[in-house]
Amino acid sequence: MYKYFPHTEEEIAEMLRKIGVKSLDDLYADIPKSMRFKGDYELPDSMSELEIRRVFDVLGNMNDQLVCFAGAGIYDHYTPSVVPNLIERSEFLTSYTPYQAEISQGTLHYIFEYQSMMTELTGMDVSNASMYDGATATAEAMLMAYNNNKKAEKVLISETVDPKVRRVVETYAKYHGVRIVSISEKEGVTDREDLHKLLSQGDVAGVIVQSPNYYGIIEDYTGFADACHDQKALFIMNSIAADLAILKTPKEWGADIAVGDGQSLGIPMTFGGPSIGYMCVTEKLMRKMPGRIVGMTKDAEGKRVFVLTLQAREQHIRRQKATSNICSNESLMALFVTIYMSLMGKQGLKEAAEQSYAGAHYLQQRLLETGRFTPTYNQPFFNEFCVDYHGDVAALQQACIEQGFLAGVKVGSNTLMFAVTEKRTIFEIDKLLETIQDVIKTQKGGKR
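In what follows, the accompanying structure is described. This one's a predicted model, so the numbers in the text were calculated from it and none came from an experiment.

Rules behind the numbers
- Residues numbered from 1 in each chain as written.
- Predicted model: local features only at pLDDT ≥ 70, side-chain atom pairs only at ≥ 80, totals over all residues.
- Heavy atoms only, no water.
- Pairing = 2+ DSSP bridges.
- Helix = DSSP H or I, 4+ residues; strand = E, 2+ residues; numbered from the N terminus.
- Contact = heavy atoms within 4.5 Å.
- Axes fitted to C-alpha atoms, helices over the stretch in contact; angles between N-to-C directions.
- Core = buried A, V, L, I, M, F, W, Y, C linked by side-chain atoms within 4.5 Å.
- Buried < 20%, exposed > 50% of the residue type's maximum accessible area, 1.4 Å probe, protein only.
- Phe/Tyr/Trp six-rings, centres within 6.5 Å; stacked < 30°, edge-to-face > 60°.
- Lys NZ or Arg CZ within 6 Å of the ring centre and 35° of its normal.
- Patch = residues over 30% accessible without salt bridge, like charges linked within 9 Å, V, L, I, M, F, W, Y side chains within 5 Å.
- Areas by Shrake-Rupley, 256 points an atom, 1.4 Å probe, with all protein chains shown as cover.
- Salt bridge = Lys/Arg side-chain N within 4 Å of Asp/Glu carboxyl O.

1. Side note on the sheet that holds strand β3 (residues 154-158)
What links the strands of a sheet is backbone hydrogen bonding, and the strands pair in either a parallel or an antiparallel sense. Strand order across the open sheet formed by seven strands is β2-β10-β9-β8-β7-β3-β4, with mixed pairing between neighbours. Edge positions in the sheet fall to β2 (126-127) and β4 (179-183), since each of these pairs with one other strand and no more. As paired elements, β2 and strand β10 (residues 277-281) share two bridges and run antiparallel to each other. Pairing of Val126 across the sheet is with Val281, part of β10. Most of the contacts of helix α8 (residues 192-200) go to β4, to which it runs at about 150 degrees, and overall it touches β3, β4 and β7 (204-210).

2. Details of the nonpolar core
The nonpolar side chains of a soluble globular protein tend to be buried, and buried together. One finds Tyr114, Met118, Leu265, Tyr278 and Met341 to be the most contacted residues of the largest nonpolar core, which totals 34 residues. Among the elements of the structure, α3 (82-87), α5 (105-122), β10 and α12 (331-369) are those that each provide at least two residues to this core. The element that contributes the greatest number of residues to this core is α12, accounting for 11 residues. If we ignore the near neighbours within four places in the chain, the residues touching Met118 are Ser127, Leu265, Tyr278, Cys280 and Met341. Ranked by size, the runner-up nonpolar core spans 30 residues in total, among them Ala139, Val161, Leu234 and Met279.

3. A look at the sheet that holds strand β14 (residues 384-389)
Taken in spatial order, the four strands line up as β13-β14-β17-β16 in an open sheet, and their pairing is antiparallel. If you trace the sheet from one side to the other, it starts and ends with β13 (373-375) and β16 (409-410), each paired once. Sheet topology note: the β13/β14 ladder contains three bridges and is antiparallel. Bridging from a neighbouring strand, Pro375 pairs with Val387 of β14. The sheet contacts of α12 involve β13, β14 and β17 (415-419), and relative to β14 the element is tilted by about 10 degrees.

4. Side note on the packing of aromatic side chains
Counted according to the given criterion, the structure contains 14 aromatic pairs. Centroid distance Tyr215 to Tyr377: 5.1 Å. Interplanar angle 45 degrees. Geometry classified as tilted. Of this pair, Tyr215 sits in the loop between β7 and α9 (224-230) while Tyr377 sits in the loop between β13 and β14, placing them 162 residues apart in sequence. Its relative accessible area of 13% is what places Tyr215 among the buried residues. Here Lys248 stacks its cationic end above the ring of Trp253, 4.0 Å away from the centre of that ring.

5. Things to note about a nonpolar patch on the surface
Where nonpolar side chains cluster on the molecular surface, the patch consists of Ile19, Leu24, Leu27, Tyr28, Ile31 and Met35 and spans about 640 Å² of accessible area. With respect to the helices and strands, the residue Tyr28 is situated in the loop between α1 (9-19) and α2 (49-60). Owing to a relative accessible area of 48%, Tyr28 belongs among the partly exposed residues under this scheme.

6. Brief notes about the pairing of β17
With respect to burial, β17 is a largely interior element, five of its five residues being buried. The alternating pattern of β17 places Thr415, Met417 and Ala419 and Leu416 and Phe418 on opposite faces, both of which are buried. As defined by bridge partners, β14 adjoins β17 across five bridges and the pair is classed as antiparallel. Counted as the bridge partner of Asp388 is Thr415 from β17. Pairing geometry for β16 and β17, over two bridges, is antiparallel. Paired with Val409 across the bridge in β17 is Met417.

7. Examining the side chain of Thr421
Considering the arrangement of structural elements, one finds Thr421 in the loop between β17 and α14 (426-442). A relative accessible area of 4% means that Thr421 is categorised as buried. Look past the residues within four positions of Thr421 in its chain and what remains in contact with it is Tyr75, Asp76, His77, Ser356 and Asn383.

8. Focus on the environment of Val58
Tracing the chain through its elements places Val58 in helix α2. Sequence separation between Val58 and Phe112 is 54 residues, and the spatial gap between their C-alpha atoms is 41 Å.

See the structure below:
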């Protein structure tokens, strides 16, 4: 009956008997009556289930439900209905840190499966399972690089990395004595000449890039890893998880650390969270990883079992000696994406990515045909792209909102960044284009 209450009346009575008290009120007997609250709590009257549903329906209808053509780090991907139904089971929603392996085999098992899937997706050797989101995972990777190199104090980060991620990295760095230096961008991609110049100056612990980058561009990182390793620096790559279904993996680019956001693996946008960050590394770095790592072994009877491994307990309970202070359990979201990837399979992930790619390229082509849009960058892109609109951007976006469309993210004075996922149908894309055409007809001015 009480989905989130772990104890029955009989169990409570047994616990009270064990400690020698008659009721729960007796537990507060030492608190003077003068200090106890005697009034009524300011809570609304109780409601029936039907009344509660009506209240939340009214609240929900206050939100504008727009067809989303925006991304910039959070994407409107399809969520199979079975996923929320499974993770809403009380044993998943209310479980926490699986320190006691004897009673946490279920939790440890699915975390292990999550790690296995993420290493396959990224091509890396080892994965952890307790990053909050892509931004904090990237910041943790920056600290890993800094701590891995005892002498270098600088970490380089490309200007094509998501600005939100860069700000989090800079915040972490400020309080750990790390110098963050930006690598210039050139025509929407990382400037190779500036990278080599900065590396040649020495004192570099790591280099952070993004694929696809913030503008949706698929950058060519050939030679980046070698250039980093020649200077004893780690090569860190941030990627949107779902994109790795068809793009070259961080391992193939020679990355030492792969990080990013896992929201694209079926987690609903839900106004910005929750999400999950992933971190995967090469084998030689596995003992320097922050967070939680689950390993598989055998018990005394030879049965397969799962345990927290490769880290001392200080990682979680003695912050002054911890590799990182990230240790809150993100396993519910890890379970979410594990179920999602299990249901989708390799082929399903690939098909979703291919549909996103095809939809984005169709939308860009049609926008260019209007004569009022031009490409911001002449670079290959995946499912997100930037275009310059030669007209009133604010008026265009507002008109689209009024027709039920979230038309991209404004990233410049006249630049819009559009994103398309497998959820966007040709009908929706064409309706968005019709709305944009109507706006163009009403706005003054011709081609620029």
